[in-house]
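Listed here are the chains, written in short residue letters.
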Amino acid sequence: MKQNIYLIGFMGTGKSTVSHKLARLLGYEELDTDAWIVQRQGRSIAEIFEAQGEAAFRDMETALLEELAEGERKIISCGGGMAIREENADLMRKNGIVVLLTAEPETIFDRVKKDNGRPVLNGNMNVEYIRSLLAQRNPYYRAAGEMEIATDGRSPEEIAEKIVKEMKNFKMIEKIF
Ligand code: S3P
């Protein structure tokens, strides 16, 4: 039975903020994969990329998803690259409902431009780069997501309420309650 809600999508699509609101609405526990990896590793994502490379970080993400497969009734806010590995997408769909949050490149840029904690955007903090990386990743995001919600111009409360409503419409909620 599906018991978790996985929030996926590009950096700056509001996964963490929406996760807080959803957790309150549904009474679920929350887990942020980036925060969890940082805590367990005792260093920042930038430091992990620097010391061990991106592939090592991606392995940590997969290992965490495997660990989480045992749990239930969690809202899992995923790092922006989580859905790119097919293995990760399979794990998520098997153990929960995968919700894809989207935003226009301009919106994403606006939300992430002041933050230098994302190594993927280091030296590439501009709308054009975001647009091209997004285009590259979109097929993977869409293949993994079972529901897609555009976040531009919407508050986190609205988005969380829309997710719950859509889950009810599609009878997905029955699988998790
Ligand atoms: C990444 C997104 C980040 C974080 C890491 C890599 C990506 O998470 O996992 O910097 O490749 O898109 P957020 O989407 O929470 O910023």
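These numbers come from a predicted model, not from an experiment. (Residues numbered from 1 in each chain as written. Predicted model: local features only at pLDDT ≥ 70, side-chain atom pairs only at ≥ 80, totals over all residues. Heavy atoms only, no water.)

**Considerations on the site of the ligand**
Part 1 of the argument: Close contacts around the ligand come from 13 residues, with Lys-15, Asp-34, Arg-58, Arg-118 and Arg-137 the closest.
Part 2 of the argument: For the ligand, an oxygen atom lies 2.7 Å from a polar atom in the side chain of Asp-34.
Part 3 of the argument: Separating an oxygen atom of the ligand from a side-chain N or O atom of Arg-137 is a distance of 2.7 Å.
Part 4 of the argument: Look at the ligand: alone it shows 390 Å² of surface, and the protein chains cover 94% of it.
Part 5 of the argument: Residues of the shell around the ligand, tallied by class, amount to 5 nonpolar, 3 polar and 5 charged. (Near = heavy atom within 4 Å. Polar contact = N/O pair within 3.5 Å; in protein donor to acceptor, adjacent residues only side chain to side chain. Areas by Shrake-Rupley, 256 points an atom, 1.4 Å probe, with all protein chains shown as cover. Nonpolar A, V, L, I, M, F, W, Y, C, P; charged D, E, K, R; others polar.)

**Some thoughts on the packing of helix 6 (residues 105-112) against helix 7 (residues 127-144)**
Part 1 of the argument: Running from amino to carboxyl end, helix 6 crosses helix 7 at an angle of 120 degrees, the nearest separation of the two axes being 9 Å. Relative to helix 7, the element helix 6 is oriented oblique. As for the relative orientation of helix 6 and helix 7, their crossing is right-handed in sense. Contact residues: helix 6 offers Pro-105, Glu-106, Ile-108, Phe-109 and Val-112, while helix 7 offers Val-127, Ile-130, Arg-131 and Leu-134. (Axes fitted to C-alpha atoms, helices over the stretch in contact; angles between N-to-C directions. Helix = DSSP H or I, 4+ residues; strand = E, 2+ residues; numbered from the N terminus. Parallel < 35°, antiparallel > 145°, perpendicular 65-115°, else oblique. Left-handed = near helix turned anticlockwise from the far one by under 90°. Contact = heavy atoms within 4.5 Å.)

**Concerning the pattern of salt bridges**
A side chain of one charge can pair with a side chain of the opposite charge when the charged atoms of the two come close.
Part 1 of the argument: Per the counting criterion, the structure on display carries 12 salt bridges.
Part 2 of the argument: With a shortest N-O distance of 2.9 Å, Glu-54 and Arg-58 are connected by a salt bridge. Taken together, the residues span about one helical turn, with Glu-54 and Arg-58 both in helix 4 (residues 54-68) at a distance of 4 residues.
Part 3 of the argument: What makes Glu-54 partly exposed here is its relative accessible area of 39%.
Part 4 of the argument: By relative accessible area, which is 12% here, Arg-58 ends up buried. (Salt bridge = Lys/Arg side-chain N within 4 Å of Asp/Glu carboxyl O. Buried < 20%, exposed > 50% of the residue type's maximum accessible area, 1.4 Å probe, protein only.)

**Section: the environment of Gln-52**
Part 1 of the argument: By secondary structure assignment, the location of Gln-52 is in helix 3 (residues 45-52).
Part 2 of the argument: Separated by 11 residues in sequence, Gln-52 and Gln-41 place their C-alpha atoms 12 Å apart.
Part 3 of the argument: Non-local contacts of Gln-52, meaning those with residues more than four positions away in its chain, are made with Gln-41, Arg-43 and Met-60.

**Brief notes about the pairing of strand 3 (residues 74-77)**
Part 1 of the argument: The two faces of strand 3 match: Lys-74 and Ile-76 on one face and Ile-75 and Ser-77 on the other face are all buried.
Part 2 of the argument: With 3 bridges connecting them, strand 1 (residues 4-8) and strand 3 associate as parallel partners. What sits directly across from Ile-5, in strand 3, is Ile-75.
Part 3 of the argument: The sheet contact formed by strand 2 (residues 29-32) and strand 3 spans 4 bridges and is parallel. Its bridge partner lying in strand 3, Asp-32 is registered against Ser-77. (Pairing = 2+ DSSP bridges.)

**Side note on the side chain of Ser-19**
Part 1 of the argument: As for its position among the elements, Ser-19 is in helix 1 (residues 15-26).
Part 2 of the argument: What makes Ser-19 buried here is its relative accessible area of 1%.
Part 3 of the argument: Setting aside residues no more than four positions away along its own chain, Ser-19 makes contact with Leu-7, Glu-30, Ile-75 and Ser-77.

**Points about the sheet that holds strand 4 (residues 96-102)**
Part 1 of the argument: If you trace the 5 strands from one edge of the open sheet to the other, you get 2-3-1-4-5, paired in parallel fashion. Whereas interior strands pair on both sides, the edge strands pair on one side only; in this sheet they are strand 2 and strand 5 (147-150). Taken pair by pair, the neighbouring strands of this sheet meet at an average axis angle of 20 degrees, ignoring direction.
Part 2 of the argument: Contacting strand 2 and strand 3, helix 2 (residues 33-41) runs over the sheet at an angle of about 70 degrees to strand 2.

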